Amino acid sequence: MGLIRRHGIRFVLGTAATIAFLVLFLRQVDLGEAWDEIRKLPGWALLASLGLILVNVTAMTARWGLLLEGAGHHVRFRQLFATVAMGRAANNVLPARGGDLLRIESLRETEGVPVFVTAGTLFAERLMDGVVFAAWILLGALLVGNGGIPLLTGIALSSGVTLGLVLCWLAARHPEGTERFLWRVSRRLPGRWHTRVARAGANFVEGLGAFRGARRFSLVLGTSALMWLADVAMFAVVGRAFGLDLETGAYFLLEGIGNLALAVPTTAAGLGSFDYITLLTAKHVDVSEATASAYVITMHALIVVPITILGACLERPALPRLFRTRKAAGEPS
């Protein structure tokens, strides 16, 4: 009952956050005017955006492969690509980043990777995303020369990810000491839970193995930068298609803030949070209100719709047992 109650509370909070952000967004936009602007968008911008989305997903897959290899698990690129696409698609449908749980289940089912090892690699992913977002926001705010809240956001995020990197490096470099620490902390729990928590913690630290070596860590950081540079390029391509006359720094700022809003775990697909916060950022860099609305709606659609379709198409290789169960259920007895 406690678990059901917690999920219920999360659902209620997520729904409330989505509605609140959507109301704030819709109060500031004219959807009819925005749609008129969107209809004028040239086809080349959409095609270029689709290509950049593919670069983004490919870089994310390569990065996850590096993280898993650092934890001692080699997984085929094709399998990882399907799992990444499926997980990102699910995150666009399920609240509280439910797609991450499906990614964990996918690797457990197809490759036998322990659940908390995969969870450790996903935590490392989020941390590396935070490093890049912090860099983009700081770079964008400084290049635009209009600090305020974006600059403070970048500074706060930089502080948080720096602390996270130090802790992960220490845990990865000293796994035995970390395991002993977790064993002592969890010893007040009932016997079976004590053992499970300690083992889960050890597996989680194993998933941070990429932090142990400078070369692998540099490759992970490089693929993270490539992944989100593709996104910056997409923001710039669509901005040019809308006729925005913005400095390069403005696109770094828009991409960093927008994807940070997408990372809010309570809303599916960043609905409301992405739209409102990115709209405020667009106005901050002097995009006119009518164009800003069309631009934000277009960017949100491009970030969400193509990867959701791709992930749905790759659901079978990502979760084969689910389809075997469906097939067995459909067979006559």
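The structure we're discussing is the one just above.
This one's a predicted model, so the numbers in the text were calculated from it and none came from an experiment.

(A) Just the overall build of the protein, in detail. Per the secondary structure count, the protein includes 15 helices and zero strands. With the C-alpha coordinates of the protein rotated into their principal frame, the extents come out at 60 × 55 × 40 Å. Here the protein, with 333 residues, has 46% of them falling under the buried criterion. As displayed, the protein offers around 16,700 Å² of accessible surface, 66% of which is attributable to carbon and sulfur atoms. Averaging the coordinates of the 32 positive side-chain charges in the protein and doing the same for the 23 negative ones gives two points 13 Å apart.

(B) View of the environment of Thr-58. For Thr-58, the position within the fold is in helix 3 (residues 43-70). As for Thr-58 and Ile-137, which are separated by 79 residues in sequence, their C-alpha atoms are 23 Å apart. Not counting chain neighbours up to four residues away, the residues in contact with Thr-58 comprise Phe-77 and Phe-81.

(C) Local environment of the pattern of salt bridges. Throughout the structure, instances matching the rule amount to 10 salt bridges. Here Arg-216 ties to Glu-69 by a salt bridge, and the two come within 3.4 Å at their closest N and O atoms. One end of the pair, Arg-216, is in helix 10 (residues 214-241); the other, Glu-69, is in helix 3, and 147 residues separate them in sequence. With a closest N to O distance of 3.3 Å, Arg-76 and Glu-111 form a salt bridge. Taken as a pair, Arg-76 in the loop between helix 3 and helix 4 (77-91) and Glu-111 in helix 5 (residues 98-111) lie far apart in primary sequence, 35 residues in all. Overall, the relative accessible area of 28% leaves Glu-111 in the partly exposed class. Taken together, the shared-partner salt bridges connect Arg-63, Arg-97, Asp-100, Arg-103, Glu-125, Arg-126 and Asp-129 into one network.

(D) Broad picture of a nonpolar patch on the surface. On the surface, Leu-163, Val-166, Leu-167, Trp-169 and Leu-170 cluster together into a nonpolar patch covering about 470 Å² of accessible area. Along the chain, Leu-170 falls in helix 7 (residues 148-173). Taking the relative accessible area as the measure of exposure, Leu-170 reaches 36% and is therefore partly exposed.

(E) Spatial organisation of helix 11 (residues 248-262). The end-to-end C-alpha distance of helix 11 is 21 Å, a good match for the 21 Å that 15 residues give at a rise of 1.5 Å each. Most of helix 11 is tucked away, with 13 of its 15 residues classed as buried.

(F) Spatial organisation of a positive patch on the surface. Together, Arg-180, Arg-184, Arg-187 and Arg-188 line one region of the surface with positive charge. Relative to the assigned elements, Arg-184 resides in helix 8 (residues 175-185).

(G) Examining unusual backbone geometry more closely. The backbone phi angle of Asp-286 is positive, close to 70°, even though this residue is not glycine. As for its placement among the helices and strands, Asp-286 is situated in the loop between helix 12 (273-284) and helix 13 (289-313).

(H) Layout of the packing of aromatic side chains. A full pass over the atoms with the stated rule returns eight aromatic pairs. Plain terms: the ring middles of Trp-136 and Phe-252 are 5.1 Å apart, the flat faces sit at 85° to each other, and that makes the pair edge-to-face. In this pair, Trp-136 sits in helix 6 (residues 115-144) while Phe-252 sits in helix 11, placing the two residues 116 residues apart along the sequence. We note that Trp-136, like Phe-252, is buried. Pairing Phe-235 with Tyr-295 gives two aromatic rings, centres 6.3 Å apart and planes at 80°, and the pair type is edge-to-face. Of the two residues, Phe-235 is situated in helix 10 and Tyr-295 in helix 13; the sequence distance between them amounts to 60 residues.

(I) Representation of the side chain of Glu-109. Mapped onto the elements, Glu-109 comes out in helix 5. No salt bridge is formed by the buried Glu-109; its nearest oppositely charged neighbour, Arg-321, is found at 4.5 Å. With sequence-adjacent residues up to four places away left out, Glu-109 is seen in contact with Leu-319, Pro-320, Arg-321 and Leu-322.

(J) Region of interest: the side chain of Arg-88. Considering the arrangement of structural elements, one finds Arg-88 in helix 4. It turns out Arg-88 is buried and unbridged, and the closest side chain with the opposite charge, Asp-231, is 5.9 Å from it. In this structure Arg-88 touches Asn-56, Val-57, Met-60, Met-227 and Ile-307, once residues within four positions along its chain are discounted.

(K) Spotlight on the environment of Leu-101. Positionally, Leu-101 belongs in helix 5. Separated by 108 residues in the primary sequence, Leu-101 and Gly-209 place their C-alpha atoms 20 Å from one another.

(L) Highlighting the packing of helix 11 against helix 12. At a minimum axis separation of 8 Å, helix 11 and helix 12 run at an interaxial angle of 160°. As the angle between them shows, helix 11 and helix 12 are arranged roughly antiparallel. Read as a crossing pair, helix 11 and helix 12 show a hand that is right-handed. The segment helix 11 lies against helix 12, with Leu-253, Leu-254, Ile-257, Gly-258, Ala-261 and Leu-262 engaging Ser-273, Phe-274, Ile-277, Thr-278, Thr-281, Ala-282 and His-284. For the contact of helix 11 with helix 12, a count of residues per class yields eight nonpolar, five polar and no charged.

So, how was this worked out
Residues numbered from 1 in each chain as written. Predicted model: local features only at pLDDT ≥ 70, side-chain atom pairs only at ≥ 80, totals over all residues. Heavy atoms only, no water. Helix = DSSP H or I, 4+ residues; strand = E, 2+ residues; numbered from the N terminus. Buried < 20%, exposed > 50% of the residue type's maximum accessible area, 1.4 Å probe, protein only. Areas by Shrake-Rupley, 256 points an atom, 1.4 Å probe, with all protein chains shown as cover. Lys, Arg positive; Asp, Glu negative; His and termini not counted. Charge placed at Lys NZ, Arg CZ, Asp CG, Glu CD. Contact = heavy atoms within 4.5 Å. Salt bridge = Lys/Arg side-chain N within 4 Å of Asp/Glu carboxyl O. Patch = residues over 30% accessible without salt bridge, like charges linked within 9 Å, V, L, I, M, F, W, Y side chains within 5 Å. Expected span 1.5 Å × (residues − 1). Phe/Tyr/Trp six-rings, centres within 6.5 Å; stacked < 30°, edge-to-face > 60°. Axes fitted to C-alpha atoms, helices over the stretch in contact; angles between N-to-C directions. Parallel < 35°, antiparallel > 145°, perpendicular 65-115°, else oblique. Left-handed = near helix turned anticlockwise from the far one by under 90°. Nonpolar A, V, L, I, M, F, W, Y, C, P; charged D, E, K, R; others polar.

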